[in-house]
Amino acid sequence: KKMKVGEQALYLAQLKGMTYPEALEKLKFWFTKLDILDWWNKKVEELSKGMAQKIQFVVTVIHQPKLLIFDEPFSGFDPINAAIIREEILNLSKEGTTIIFSTHRMDSVEEICDYIALINNAQTILEGPIKKIKEEYTDNTYQISISKGDLSDNNYFKVTNKKENDYTICLKEGVDQKEALKEIIKDVEVISFNKKIPTMEDIFIKAVNNA
């Protein structure tokens, strides 16, 4: 812990097979990119949790590995730094790095992952491409915003949620969206009418409850 940050980062990079000049060049690049160059000559023990996380990220990716495993990489980060690291992870993926990403934060899953496996009590309860899974869990639920009027249950749909002028409705079996919308505009002024695509959090909760 008494070592200087840059000194230890150079040591770790060389352990991964990089030459000293190559490691120095790439570390300076990353430290500048993540705005942590001022910490180069400070001691490791002086690092905050968030700053230590940044440096751990740098020494993990510095040798451009083909496979990376991240476990809750945004823990300890404020929103700005979390966004920076998230962008860098996405860039690594675009450049061909395979990334295994473990997290409980479903918003991060939505932003980063292409293929997922949901695990509950050590059992995989759902697995596959995220786009396909979302399609499988999408039902006849729609979100509607109106400027005036009121919606209530009828022969076309059931109101499942209401918050001021925003409604969530579920179409009844055999009813398509055109029929429902035609009925709705008879009584109210519609601002927006959209199919509700479930979030990964919605899907996770539903999958766990059904497991």
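Every chain is numbered independently, its residues counted from 1 as its sequence is written. For this predicted model, a pLDDT threshold of at least 70 governs which residues receive local features, and a threshold of 80 or more governs which side-chain atom pairs are given and counted, while totals over whole chains, interfaces and linings are taken from all residues. The basis for every side-chain value is the complete set of non-hydrogen atoms in the structure, without hydrogens or water.

### Here's the deal with the layout of surface pockets
Method remark: on a 1 Å grid restricted to protein atoms, a set of points is classed as a cavity if a 1.4 Å probe fits but cannot get out and as a pocket if it is open with protein on both sides within 12 Å along at least five of seven lines; lining residues have an atom within 4 Å of a point. Grid points are joined across faces, edges and corners, and a volume is the space filled by probe spheres set on the points. Taken as a whole, the largest pocket spans an internal volume of roughly 560 Å³. The wall of the largest pocket is formed by 22 residues, among which Phe-101, Ser-102, Thr-103, Val-109 and Ala-117 lie closest to the centre. Residues are sorted three ways: Asp, Glu, Lys and Arg are charged, Ala, Val, Leu, Ile, Met, Phe, Trp, Tyr, Cys and Pro are nonpolar, and all the rest, Gly among them, are polar. Looking at the lining of the largest pocket residue by residue, the class counts come to 15 nonpolar, six polar and one charged. The space that makes up the second largest pocket amounts to roughly 230 Å³. Around the second largest pocket sit 15 residues that line it, and Trp-30, Val-61, Gln-64, Leu-92 and Glu-95 are the ones nearest its centre. Those elements giving two or more residues to the lining of the second largest pocket turn out to be helix H2 (20-33) and helix H4 (79-94). Among the elements that line the lining of the second largest pocket, the one with the most residues is H2, at four residues. Taken together, the residues that form the lining of the second largest pocket break down as six nonpolar, four polar and five charged. Only runs of H or I of at least four residues qualify as helices and only runs of E of at least two qualify as strands under DSSP, and these elements are numbered from the N terminus.

### Side note on the side chain of Lys-54
Summarising the element assignment, Lys-54 is placed in helix H3 (residues 49-61). One polar contact links the side chain of Lys-54 to the main-chain carbonyl oxygen of Leu-34, over a distance of 2.9 Å. Definition of a polar contact: a pair of N or O atoms within 3.5 Å, with one able to donate and the other able to accept a hydrogen when the atoms are protein atoms, and with sequence-neighbouring residues admitted only if both atoms are side-chain atoms. Engagement of the side chain of Lys-54 in a polar contact is seen with the side chain of Asn-81, the distance being 2.8 Å. Other than its neighbours up to four places away in sequence, Lys-54 contacts Leu-34, Ile-36, Phe-77 and Asn-81. Any two residues having at least one pair of non-hydrogen atoms within 4.5 Å are treated as being in contact.

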